[in-house]
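Observations on the three-dimensional arrangement
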Amino acid sequence: MIHTHNLYKKISKSLLYSLPILFVCLASPLLSEKRERIVSLHGTITEIVYALKANSTLVAIDSTSRYPKEVTSLPVVGYQRTLTTEGILSFKPTLVIGLETAGPVQTIQNLRETGIQVTLFPDTYKLDTPIDRVLAVGNLLGKKKEAESLVNQIRTQTQSLQLKKTNVKVMFLYSRNPSSIFISGLGTAAHSMITLSGAQNAITEFSEYKPLTSEALVKANPDIILMPESSAEGFGGTNAIWSINGIELTRAGKEKNIILVDDQLLLGFGPRLPQALKTLNEKWKQME
C-alpha cells in the first residue's frame, strides 16, 4: 500500500513538471504569431500577406496598400518612399517588409540599426515577378504551403493567357496634381505592363519618367492614354485630361481613347498580374 502511494506521488510530481512544458509546446505557435508584428511598406506585399492568410500579423501598412478592402481598417505609416523612422517604430514592429523602393535610405538604415528585421524584395517588372514575390514572402512568414498553392494558381492563369500582339501605341500618364504630369519611358512598371499586354509604348526615346510636354505628346501621337485611377482623379477627371495642350492633335485625343485602371492592379506586379494583362489586351484589341 505504501509502495503504491509512493508511486502515485512520483507520477503526480512528474505530471506537475511536464504539464507546463506541454502547455508551452502547444501554445508556442500561437504565442509566436501573437508576438509577430509586421509593418508592410508596399501595396503588393500587403496583398500577398493577405493572400497567404497571414494578415493577422499586420499592424500597419503604407498608403499604397489598398487591396483587399479590409486593409483600409489598418493604420497607415505614410507613403512608401517618404517614410519616417518614428512613424514606423510607433507600431513596435518585429518585422518590416516591402520593396527596395522603400525609403528614404536613412529611414531604412535607422530601422535596421534598432535591431528590427527589415526585408526589402527586388522591384522587378517581369511576367514571373508575382511568383518570385509570393514564394519569397511565403518563405519569410512560414507560409510555404499557402505560397505554393497561390503560385500554382498564378502559373495556371498565366499559361492560359492568349495575348494578341497589336500595333496600338499607348502613352502612360502619371500625375499627383494638375500642375505636374509625367510620361513613362522605358524601364518602368508601366512600360512593362504595356508591352507584356501586347501593345507598344508610344515613348521610346528615354527611360524612366519625364515631365509631359505638348511637343512630346504630339510627336508620340498615342492611340490610347493609360492612367492609374488615382492619377486621373487627382488631375481633375477625364475632362481635364482632354484639355492638355496638344492632346487634341493625337488619335487618343480625337477619339477620346483613355483607359483608367486601379493603381495596384496596373503597376503592382502582384498575384493579379494575369488578370490585369488579360483586361488590357482586350482593350487594345478593341481599339486597334
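Bear in mind that the values here come from a model prediction, so they are computed numbers and not experimental data. In this numbering scheme, every chain counts its residues from 1 along its sequence in written order. In view of the model being predicted, local features appear only for residues whose pLDDT reaches at least 70, and side-chain atom pairs are presented and counted only at 80 or more, with totals across whole chains, interfaces and linings using the full set of residues. For side-chain calculations, the full set of non-hydrogen atoms in the structure is used, while hydrogens and water are omitted.

Focus on the confidence of the model for the protein
Applicable threshold: Each residue carries a pLDDT score, the predictor's confidence in it, ranging from 0 to 100. Whether two residues are in contact is decided by their heavy atoms: any pair within 4.5 Å suffices.
Residues with a pLDDT of 70 or more make up 88% of the protein, whose mean pLDDT is 89. Residue range residues 7–34 is modelled with pLDDT below 50. Its contacts to residues more than four positions away, or to other chains, number three contacts.

Description of the sheet that holds strand β1 (residues 38–40)
Note the following rule: Strands are treated as partners if at least two bridges between them are detected by DSSP. Helix and strand definitions follow DSSP, with helices as H or I runs of at least four residues and strands as E runs of at least two, each counted in order from the N terminus. Lines fitted to C-alpha atoms define the axes, with helix axes restricted to the stretch in contact, and inter-axis angles between N-to-C directions lie between 0 and 180 degrees.
With respect to topology, four strands assemble into an open sheet ordered β2-β1-β3-β4, the strand pairing being parallel. Of all strands in the sheet, those with a lone pairing partner are β2 (58–61) and β4 (117–121), marking the two edges. Each adjacent strand pair in this sheet contributes to an overall mean axis angle of 20 degrees, direction not counted. Summarising the sheet, strand β3 (residues 95–99) and β4 pair through five bridges and their orientation is parallel.

Some remarks on the environment of Ser 230
Put simply, the rule is: Whenever a nitrogen or oxygen atom comes within 3.5 Å of another N or O atom, the pair is scored as a polar contact, on the condition that within protein one atom can donate a hydrogen and the other can accept it, and that pairs from neighbouring residues in sequence are kept only if both atoms are in side chains.
Here Ser 230 is to be found in helix α9 (residues 229–235). A C-alpha to C-alpha distance of 9.1 Å links Ser 230 and Tyr 174, two positions 56 residues apart in sequence. A polar atom in the side chain of Ser 230 sits 2.3 Å from the side chain of Asp 263.

Details of the pattern of salt bridges
Stated formally: By convention in these notes, a salt bridge is any Lys or Arg side-chain nitrogen within 4 Å of a carboxyl oxygen on Asp or Glu. In this scheme, a residue with accessible area under 20% of its type's maximum is buried, one over 50% is exposed, and one in between is partly exposed, where area comes from a 1.4 Å probe on protein chains only.
Within this structure, the stated rule accounts for six salt bridges. For Asp 123, the salt bridge identified is with Arg 133, shortest N-O distance 3.2 Å. You can see Asp 123 sitting in the loop between β4 and α5 (129–141) and its partner Arg 133 sitting in helix α5, a full 10 residues away along the chain. Judged by relative accessible area, Asp 123 falls into the partly exposed class, the value being 24%. Two residues, Glu 146 and Lys 143, come together in a salt bridge whose shortest N-O distance is 3.9 Å. Note on Glu 146: relative accessible area 32%, which makes it partly exposed. Connected through salt bridges with shared partners, the residues Asp 223, Arg 251 and Glu 255 form a single ionic network.

Brief notes about unusual backbone geometry
For the bond running from Tyr 67 to Pro 68, omega is -5 degrees, close enough to zero to count as cis. Topologically, Pro 68 is positioned in the loop between β2 and α3 (85–89). Backbone torsion omega between Gly 103 and Pro 104 reads 10 degrees, so that peptide bond is classified as cis. Phi is positive for Lys 53, which is not a glycine, with a value near 60 degrees. Relative to the elements of secondary structure, Lys 53 occurs in the loop between α2 (43–51) and β2. In this structure, Asn 221 is a non-glycine residue whose phi angle is positive, near 45 degrees. Of note, Asn 221 is situated in the loop between α8 (214–220) and β9 (224–228).

Quick look at the pairing of β4
Worth spelling out the cut-off: For crossovers, right-handed means that the path from the first strand over the helix to the second runs clockwise, given strands pointing away from the viewer.
Most of β4 sits out of view: four of its five residues are buried. Once you follow β3 into helix α4 (residues 105–113) and on to β4, the crossover reads as right-handed.

Some remarks on the side chain of Glu 47
Here Glu 47 shows up in helix α2. Judged by its relative accessible area of 6%, Glu 47 falls in the buried class. Non-local contacts of Glu 47, meaning those with residues more than four positions away in its chain, are made with Tyr 67, Gln 264, Pro 271 and Arg 272.

Focus: the nonpolar core
Just so we agree on the cut-off: For our purposes a nonpolar core is just a set of buried Ala, Val, Leu, Ile, Met, Phe, Trp, Tyr and Cys residues, chained together by side-chain atoms within 4.5 Å.
Residues Ile 45, Val 49, Leu 52, Ile 97, Val 134, Val 137 and Leu 141 are the most contacted members of the largest nonpolar core, which totals 23 residues. Contributing elements (two or more residues each) for this core: α2, β2, β3, α5 and α6 (144–159). Core analysis: the next-biggest nonpolar cluster, separate from the first, contains 22 residues, Ile 194, Ile 259, Phe 269 and Leu 273 among them.

What about the pairing of strand β6 (residues 180–184)?
Where strand β5 (residues 169–177) and β6 come together, three bridges link them in antiparallel fashion. Residue Tyr 174 lies in a different strand from β6, and its bridge partner there is Phe 182. Between the antiparallel neighbours β5 and β6 lie two residues. Pairing of β6 with strand β8 (residues 209–211) involves three bridges; the strand directions are antiparallel.

Thoughts on the packing of aromatic side chains
What counts here: When the centres of two rings from Phe, Tyr and Trp lie within 6.5 Å, Trp using its six-membered ring, the rings pair. Their planes under 30 degrees apart give stacked, over 60 give edge-to-face, and anything left gives tilted. Each ring is checked for a lysine NZ or an arginine CZ that lies within 6 Å of its centre and within 35 degrees of its normal; such an atom marks a charge sitting over the ring.
The final tally for this structure, using the stated rule, is three aromatic pairs. For the ring pair Tyr 174 and Tyr 209, a centre distance of 6.3 Å and an interplane angle of 50 degrees mean the geometry is tilted. Here Tyr 174 is found in strand β5, whereas its partner Tyr 209 is found in strand β8, with 35 residues between them in sequence. On the basis of relative accessibility, which here comes to 26%, the residue Tyr 174 falls in the partly exposed class. Each member of the aromatic cluster is reached from another via a ring pair, and the members are Phe 172, Tyr 174 and Tyr 209. It is Lys 256 that lies over the ring of Trp 242; its NZ or CZ is 5.7 Å from the centre. Just above the ring of Tyr 67 sits the side chain of Arg 272; from NZ or CZ to the centre is 3.6 Å.

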